[in-house]
Amino acid sequence: MNVEADMQTVVKDTLVLVLAGGQGSRLDGLTEMRAKPVLEFGSHCRIIDFPLSNCVNSGLNQIAVLTQYKSQCLIRHLMQHWGRLNSNVGGCFDVLPASQQNDQSWYQGTADACFQNIAYIKAKAPKYVMILSGDHVYQMDYRKLLATHVNNNADMTVSCIEVPTKNAAKQLGVLSAARDGRITAFAEKPDSPHALIDAPDYCLASMGNYVVNADVLYALLENDAQIADSAHDFGKNVIPSIIQQHRVFAHRFRDASGDQIPYWRDVGTLDSYWRAHLDILNNRDMLNFTDPDWPIWGSAFSNSPVEITNSSDLGKCDIEQVLIGSGCRLDSCSVKQSVLSTNCKIDPCAVIERCVLLPDVAVGFGAKLANVIIDKGVNVPAEFAVNDKDVAKQQGFTVTPKGIVLITQKVLDAVIDAQQEDVMPTHVLKLCGDEWLTVGASESKTEQDIRRLKGSERDREFVDRRESKTETSRINQANATASEKVRARHTASQR
């Protein structure tokens, strides 16, 4: 087949299945209430927007997304921002939640997810089925993957990329291939990956993207479903079992010139998620959001412009190497080497360095943050500091092996509550007019916490005073309120 001349036909005959049911447990609190593919990335998009954008840019418009784990937020995003694919480009876009089509269990693995939707696939009658992972960050022309598959007359083609062996160990599927590209071995997350002969520090890692002839796929899925002890996973079971009997080839992911290894990241850990954000700041060539020839079709979370202001008495904003999403408001703050998602608000004197802020984060006056990931909607109070990983770990925050701190509202509230409980009781006497007031530090939240005291000379002496800096501010505010009340009563009595 002349692939160049007939690629349009190949694309038309291809059905894309995007597997987006991953839990992403290694991302800790970020995926406590949502699936990993819908997690925000960069300033304006979600992780799943990368494979979906690659499909649209490659001309593939017959797409189905398979969801499972805590999928409500993901489904809403898909319907709001990708449902238009049906009308805008004449394609077909479907969302297939786990619905226990063939038995009473949820998806057991990637192969089982496809098997439970085999009736849907057959109804579409494709010639080729492209299976994509929905939780990786990269820009790729899938037509090249299809071309490799057709040119090799393959039954199945696995997209792969060269990665350091230390990064692949226990993390990625690793394969070996002959000179003609035919796969000779495949191991899922091995302890010691098989290194490349010409690059001993690198190996070929599976990207979790496959092209399979439809008739071959049906047979593979039905056969795997009958194996009781199978994990029903492409990487663990299906691919290793078929490389001897079927024509299974590797497609090496390369840039347009064929010389460079493009950017691709599995952002399945907090460290890799944070690192990927800094990558796009430090090297635009790695991942270019503004490439007009290959855009990442993100979500317009906010139509508001970015607002950067400088309070006259608090200095100017100091912004260096920052990606800022729409609707953000920055006032007299310092932000360096950080990514701010949509609708973030940074108050004066706050200092933010090497941080990733998800949408709707508010950082209070004078807060100091470094090497942190802040979950969506978190409100960081004024003067709060997270810039020491050891202190943060003691406080109860999640700290990664590389020292990145995750801040979620749930943990932040617990830390603040613990700090308040550690404050010792305080009693302060303050003269207000002709009366003395006593303020209990543990009682200073309401007006009832302030009561008048008429006592002996001894009561006017210094009283035991042990207080934190935060409580001192609160007590001063309470005393000021009490003074105003006393003066008001005194003025009224004079009248």
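Overview of the structure. (Residues numbered from 1 in each chain as written. Predicted model: local features only at pLDDT ≥ 70, side-chain atom pairs only at ≥ 80, totals over all residues. Heavy atoms only, no water.)

**A few points about the sheet that holds strand 18 (residues 345–346)**
The condition is simple: The criterion for strand pairing is that DSSP finds at least two bridges linking the strands in question. Each helix corresponds to a stretch of at least 4 residues labelled H or I by DSSP, and each strand to a stretch of at least 2 residues labelled E; elements are numbered beginning at the N terminus.
Reading across the sheet, the 5 strands line up as 14-16-18-21-24 and stay open at both edges, with parallel pairing between neighbours. For this open sheet the edge positions go to strand 14 (307–309) and strand 24 (379–380), each flanked by a neighbour on one side alone. Sheet topology places strand 16 (residues 329–331) next to strand 18; 2 bridges connect them, and they run parallel. Paired with Arg329 across the two strands is Lys345, which belongs to strand 18.

**Considering the pattern of salt bridges**
In plain terms, the rule: The term salt bridge refers to a side-chain nitrogen of Lys or Arg lying within 4 Å of a carboxyl oxygen of Asp or Glu. Burial here depends on accessible area, computed with a 1.4 Å probe over protein chains only, as a share of the maximum for the residue type. Under 20% is buried, over 50% is exposed, and the range in between is partly exposed.
Enumeration according to the criterion identifies 18 salt bridges in this entry. In this structure, the salt-bridge partner of Glu32 is Lys410, at a minimum N-O distance of 3.9 Å. Of this pair, Glu32 sits in the loop between strand 1 (14–20) and strand 2 (40–41) while Lys410 is found in helix 13 (residues 409–421), placing the two residues 378 residues apart along the sequence. Since its relative accessible area comes to 38%, Glu32 is described here as partly exposed. Owing to a relative accessible area of 62%, Lys410 belongs among the exposed residues under this scheme. Residues Arg354 and Glu353 are paired through a salt bridge, measuring 3.6 Å at the closest nitrogen-oxygen approach.

**As for the packing of aromatic side chains**
Spelled out, the test is: Here a pair means two rings of Phe, Tyr or Trp (six-membered ring of Trp) with centres within 6.5 Å. Their orientation is stacked below 30 degrees between planes, edge-to-face above 60, and tilted elsewhere. The rule for a charge over a ring is simple: NZ of Lys or CZ of Arg within 6 Å of the ring centre, and within 35 degrees of the ring normal.
In this structure the tally under the stated criterion is 6 aromatic pairs. Pairing Phe41 with Phe50 gives two aromatic rings, centres 5.7 Å apart and planes at 80°, and the pair type is edge-to-face. For the residue pair Phe41 and Phe50, the accessibility class agrees, reading buried in each case. Of note, Lys122 hangs over the ring of Tyr218, and the distance from its end group to the ring centre comes to 5.3 Å.

Without other data, these values stay purely geometric and don't point to any function.
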